[in-house]
Amino acid sequence: MSYSSKYMRRAILLSERNVDKGGGPFGAVIVKDNKIIATGVNSVTAKNDPTAHAEIVAIRKAAKKLQTFNLSGCEIYTSCEPCPMCLAAIYWAHIDTIYYGNTKENAKEIGFDDSFIYEELKLSLPERKIKTQQYLSDKALGAFIKWNAKVDKIVY
């Protein structure tokens, strides 16, 4: 696979058009074999969905179109360096390469500051702002035991 400015320009154009439509300034394009598989724009406020970031929207569309959860062989072009959630989703999707325009520092300058999440991840669970408590772990292990014993599971 190779870098192509036309795909990055498309992601940037999507981000600009999304601002014009009242959405956040983020766009993403997923490419496989030099063909656009899916695009996405930030739809957080339009869908009242805090997970509807451009990269997540594009990943969902690409997985549906390719009928697989494994997007190996794909590249993502995104108008901004992915936030922690999107970065994790890109890893889970097995996308090969990330190309981005703006940095997380550029995003911070206009009010999209994810630095608190990076800081929270460094802390132990009791130190984090959101209370996190393990509960009924002995019961929860049942599903893990079933999964581990399953011979026909699809590993992802």
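Before reading on, note that the structure itself is shown above.
Residues numbered from 1 in each chain as written. Predicted model: local features only at pLDDT ≥ 70, side-chain atom pairs only at ≥ 80, totals over all residues. Heavy atoms only, no water.

(A) Just the packing of aromatic side chains, in detail. Counted by the stated rule, this structure contains five aromatic pairs. A centroid spacing of 5.9 Å and a plane angle of 70° characterise the contact between Phe69 and Tyr156, whose relative ring orientation is edge-to-face. Pair noted here: Phe69 is in the loop between helix H3 (54-66) and strand E3 (74-80) and Tyr156 is in the segment after helix H7 (137-149), with a separation of 87 residues, a long-range link. You can call Phe69 partly exposed: its relative accessible area is 43%. Summarising the aromatic geometry, the rings of Trp147 and Tyr156 are spaced 6.4 Å apart at their centres and angled 70° between planes, so their arrangement reads as edge-to-face. Taken together, the aromatic side chains of Tyr7, Tyr77 and Tyr99 make up a single cluster linked through ring pairs. One Lys or Arg, Lys104, reaches over the ring of Tyr118 and ends 4.3 Å from the middle of that ring. (Phe/Tyr/Trp six-rings, centres within 6.5 Å; stacked < 30°, edge-to-face > 60°. Helix = DSSP H or I, 4+ residues; strand = E, 2+ residues; numbered from the N terminus. Buried < 20%, exposed > 50% of the residue type's maximum accessible area, 1.4 Å probe, protein only. Lys NZ or Arg CZ within 6 Å of the ring centre and 35° of its normal.)

(B) Structural detail: the side chain of Ser15. The residue Ser15 is located in helix H1 (residues 5-20) in this model. Classification of Ser15 by relative accessible area gives buried; the value is 7%. At a separation of 2.5 Å, a polar atom in the side chain of Ser15 contacts the main-chain carbonyl oxygen of Ile12. (Polar contact = N/O pair within 3.5 Å; in protein donor to acceptor, adjacent residues only side chain to side chain.)

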